[in-house]
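Residue-level structure breakdown
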Amino acid sequence: MSNERFYISTPIYYPSDRLHIGHAYTTVVADSLARWHKFAGREVLFVTGSDEHGQKIERIAKAKGVQPQEYVDAIVSTFKQLWKRLNVDYDDFVRTTEPRHHKAVQTVFQKIYEKGDIYKSKYKGWYCTPCETFWVENKLHEGNCPDCGRPVELVEEESYFFKISKYANRLLKHIEENPGFIRPEARKNEMVNFIKSGLEDLCVSRTTFDWGIPVPTNEDHVIYVWFDALTNYLTAAGYPDDQGRLAKWWPADVHLVGKEIMRFHTIIWPIILMALDLPLPKTVFGHGWLLFDNDKMSKSKGNVVDPNLLIDEFGVDPIRYFLMREISFGQDGNFSRRALIERTNADLANDLGNLLNRTLAMLNKYFDGVVPEPQDKTELDLEYAKAAGEVGTAVDDYLKNLQLNEALAKIWQLVGRANKYLDQRAPWALAKDESAQGQLATVMYNVVETLRIVALLVKSFLPDTGAKIWAQLGIAESLAEQVLADTAFGKLKPGTVTQKGDPIFPRIEEKDEEPEVEAKEEPKEVKPAAEEKKPEPKQAEPTEGLISIDDFLKCELVVGEVLAAEPVKGADRLLKLQVDVGSDKRQIVAGIALHYKPEELVGRRIIVVKNLKPAKLRGELSQGMLLAASTPDGKLELVSVSDNMPAGSRVK
Ligand code: MSP
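Residues numbered from 1 in each chain as written. Predicted model: local features only at pLDDT ≥ 70, side-chain atom pairs only at ≥ 80, totals over all residues. Heavy atoms only, no water.

With that settled, consider the domain arrangement of the protein chain. What the domain assignment reports for the protein chain is domain 1 (1-96 + 288-335), domain 2 (337-487) and domain 3 (552-641). Residue-level contacts link 28 residues of domain 1 with 32 residues of domain 2. For the pair domain 1 and domain 2, the two sides together bury roughly 2,900 Å², of which 67% comes from carbon and sulfur. When the buried surface of domain 1 facing domain 2 is broken down by residue, W36, F39 and Y321 rank first, second and third, together holding 29% of it. For the pair domain 1 and domain 2, the interface holds 4 salt bridges. Our enumeration of links across domain 1 and domain 2 arrives at 16 residue pairs in polar contact (both at pLDDT 80 or more). Per element, the largest residue contribution to the side of domain 1 that touches domain 2 is 10 residues, and it comes from helix α12 (residues 316-326). (Domains from an automatic or database assignment. Contact = heavy atoms within 4.5 Å. Buried area = accessible area lost by both parts, 1.4 Å probe. Salt bridge = Lys/Arg side-chain N within 4 Å of Asp/Glu carboxyl O. Polar contact = N/O pair within 3.5 Å; in protein donor to acceptor, adjacent residues only side chain to side chain. Helix = DSSP H or I, 4+ residues; strand = E, 2+ residues; numbered from the N terminus.)

Okay, structure coming up:
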């Protein structure tokens, strides 16, 4: 990042078809990063666009009986509509059919030609039209394109060639000296091996079709579509005419691309820039693919997921959240409807939505919805506030380093901490004690203040959610004007009148049940885990007591490692366990004392119901439930897994 400026790009998408959720993934990530850096006070240029030329597009338009321009205009408008729906707020959209881009590409070509790095010769080799890629025979896989597996075509024509082999050593040196240039590390190794295996000069023009930008001095040739497309990153930065803009924005900070187009971005593109004597982008980050049933989503395989249908069904923020939280950034990840629902219910409805609801319901009940002045503070209150105020800087550090998953995990850790703090400080109990009113005010202030901070932290990732929380908090200042420094703890003004509203994330497919919206009273004593009664099956259901998979998935079952165990005073049957559940540590009280000695349990990996409402058993907080099998004659055994399963692993 130079001078607190941040230029981030997505690939420009082919208008060969409508976009799918895989394309949305890249763009949503780039949008969130761009929004965050703006929030952190940096000047941002976020660019996306459309890659409209080439043989593939020309053929599709022909097949549809329309002019290529007419065809791309229609599809590109669907791109822009989708970005609008997904709340993608780009600063520039480069269409390769625009005059400014036309000029940039011809200038780049001509400069390299004049330098002597582009020469005319004859090309004979293979071409994959769907990928718009040239291949030499020995790179083909059983005669097909090694990237997409589809048939290639023999091409024999006069072409201009770019001497990329001349720059191979310089590029290798750059990669070695700039460890952040190609990320993640595994992709860097792939690219280095590719370069070391020998670069062939690249064919950069075609003569057998017209739909492209002509070579400046030879109108019989159109410029190779990848040479054309890569230049879009300079077009957006003002090249060639606006030198001031170029000096301001070039080099780009991050080109975010899918892993299969890393070769173009980390070999061809840097060599074009070297030939132009321009600096190279600071980072090219190759993310993984969104898979469907473990296969890359692609139109030709007929396994694409339409983001518009998903938005219709689930809304925008669950989709944005899922893409950024569920998929490990840099690796492939599976998309499934079930996983989307599970994430939404667990993290958005349960953790975040419920925190907002229960907090504002309690505030209504104890303070008529008005934020109180914090008063008596315990050690725990002070420690809590300090930790909450430090999250903004930690998230910024993660995002500066493109650690997207870590950033979101950090925010949700705060949400989890706030829920736990409420359970620890139990405002419902403080409210009953005349002498604890000062403490009650502090606890309520602290949690509402956390929600204010959370709204600021999430708004770059989930713009609608940030705005909804902000509105319910009733804060007068505009959300758009808030900056990273406002995530410091204690900026919420006492006296703020909150506006409790509907749950921001109703649980999906729970429409027949009442969402949990009211303030929690002190939970009643319930039976310990092993004695929990099964609910009565519903009467007269056509499914006769069967539940759907979604019902089952409401239970968040995870592997927990028992860290400590001890008896509960005055309760023969209860043991109190400290359990690591991956995201945090829980205290769980279970009725297993007649079956296990505490020392037998330490180190054991058991199965925990993680999203059970906390309860008090003999005065001890229990934050979950263990799974155990029991026979009618009272034999009981805990369900366990081997030591190889890390704490927090999901059981389903
Ligand atoms: N037009 C070129 C890019 C030129 S950039 C100078 C192109 N277009 S594309 O429309 O085919 O793909 C654009 C991006 O979408 C690529 O980064 C690609 O990896 C990404 N994705 C396409 N399918 C995807 C998934 N299933 N999952 C994740 N990303 C996916 O290539």
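Anyway, onward from the coordinates.
A separate point is the site of the ligand. Looking at the ligand, there are 24 residues lining it, with I12, D51, G258, E260 and L290 nearest. A distance of 2.9 Å is found between an oxygen atom of the ligand and a side-chain nitrogen or oxygen belonging to E260. When the ligand sits alone it has 660 Å² of accessible area, and the protein chains cover 95% of it. Among the elements of the structure, β1 (5-13), α1 (21-39), α7 (225-230), α8 (232-235) and β12 (254-258) are those that each provide at least two residues to the shell around the ligand. Classifying every residue of the shell around the ligand gives 13 nonpolar, 8 polar and 3 charged. (Near = heavy atom within 4 Å. Areas by Shrake-Rupley, 256 points an atom, 1.4 Å probe, with all protein chains shown as cover. Nonpolar A, V, L, I, M, F, W, Y, C, P; charged D, E, K, R; others polar.)

Before going further, it helps to examine the packing of helix α18 (residues 437-458) against helix α19 (residues 463-473). Look at α18 against α19: their axes get within 8 Å of each other, and the N-to-C directions meet at 155 degrees. With respect to α19, the axis of α18 lies roughly antiparallel. In the crossing of α18 with α19, the sense of the turn from one axis to the other is left-handed. Here V448, L451, R452, A455, L456 and V458 of α18 lie close against α19, whose contacting residues are T465, G466, I469, W470 and L473. Per-class residue counts for the contact of α18 with α19 are 8 nonpolar, 2 polar and 1 charged. (Axes fitted to C-alpha atoms, helices over the stretch in contact; angles between N-to-C directions. Parallel < 35°, antiparallel > 145°, perpendicular 65-115°, else oblique. Left-handed = near helix turned anticlockwise from the far one by under 90°.)

Where burial is concerned, most of α12 is hidden: 10 out of the 11 residues are buried. Turning to α12, its buried residues number three or more, namely V316, D317, P318, I319, R320, Y321, F322, L323, M324 and R325. (Buried < 20%, exposed > 50% of the residue type's maximum accessible area, 1.4 Å probe, protein only.)

Looking at the secondary structure, you find K188 in helix α6 (residues 185-196). Among the polar contacts listed, one links the side chain of K188 to the backbone oxygen of P179, at a separation of 3.2 Å. Once you skip the residues sitting within four places of it in the chain, K188 turns out to touch I175, P179 and I182.

Considering the arrangement of structural elements, one finds S460 in the loop between α18 and α19. A distance of 3.4 Å separates a polar side-chain atom of S460 from the backbone nitrogen of W36. Apart from residues no more than four positions distant in its own chain, S460 is found in contact with S32, R35, W36, F39 and R320.

Whether parallel or antiparallel, the strands of a sheet pair through hydrogen bonds between backbone atoms. Taken in spatial order, the 3 strands of this open sheet run β9-β11-β10, and their pairing is antiparallel. Two strands close off the open sheet at either side, each with one partner strand: β9 (205-206) and β10 (214-215). Bridge count for β9 against strand β11 (residues 218-223) is 2 bridges, and the pairing is antiparallel. Residue R206 lies in a different strand from β11, and its bridge partner there is V222. (Pairing = 2+ DSSP bridges.)

Quick look at the sheet that holds strand β14 (residues 290-292) now. As summarised here, the arrangement of the 3 strands in space is β15-β14-β16, forming an open sheet in which the pairing is mixed. The outermost strands of the open sheet, each flanked by one partner alone, are β15 (295-296) and β16 (333-334). Here β14 pairs with β15 via 2 bridges, running antiparallel. Opposite F292, over in β15, you have D295 as the bridge partner.

Right, let's get into unusual backbone geometry. Note: most residues except glycine have negative phi, and most peptide bonds are trans. Cis geometry is adopted by the peptide bond preceding P184, which originates at R183 and carries an omega value of -5 degrees. With respect to the helices and strands, the residue P184 is situated in the loop between β7 (182-183) and α6. Following Y239, the chain continues into P240 via a peptide bond in cis, with omega recorded as 0 degrees. Looking at the secondary structure, you find P240 in the loop between α8 and α9 (243-249). The phi dihedral of D368 is positive, around 50 degrees, even though this residue is not glycine. Structurally, the position occupied by D368 is in the loop between α13 (337-367) and α14 (379-389).

A few words now on the state of the cysteines. What we call a disulfide is simply a covalent bond connecting the sulfur atoms of a pair of cysteines. Under the definition given, this model contains 0 disulfides. No disulfide involves C145; its sulfur sits 3.7 Å from that of C128, the nearest cysteine. The class for C145 is buried, based on a relative accessible area of 2%. (Disulfide = S-S within 2.5 Å.)

Here the focus is the pairing of strand β13 (residues 283-287). For β13, the tally of buried residues reaches 5 of 5 residues, placing the bulk of the element in the interior. Residues T283, F285 and H287 line one face of β13 and the alternating positions V284 and G286 line the opposite face, and both faces are buried. Pairing of β7 with β13 involves 2 bridges; the strand directions are parallel. If you follow R183 over to β13, its bridge partner there is F285. The sheet contact formed by β12 and β13 spans 5 bridges and is parallel. From the neighbouring strand, G258 faces β13, where its bridge partner is H287. Following the chain from β12 across helix α10 (residues 262-275) to the adjacent parallel β13, one finds a crossover that is right-handed. (Right-handed = clockwise from strand over helix to strand, strands pointing away.)

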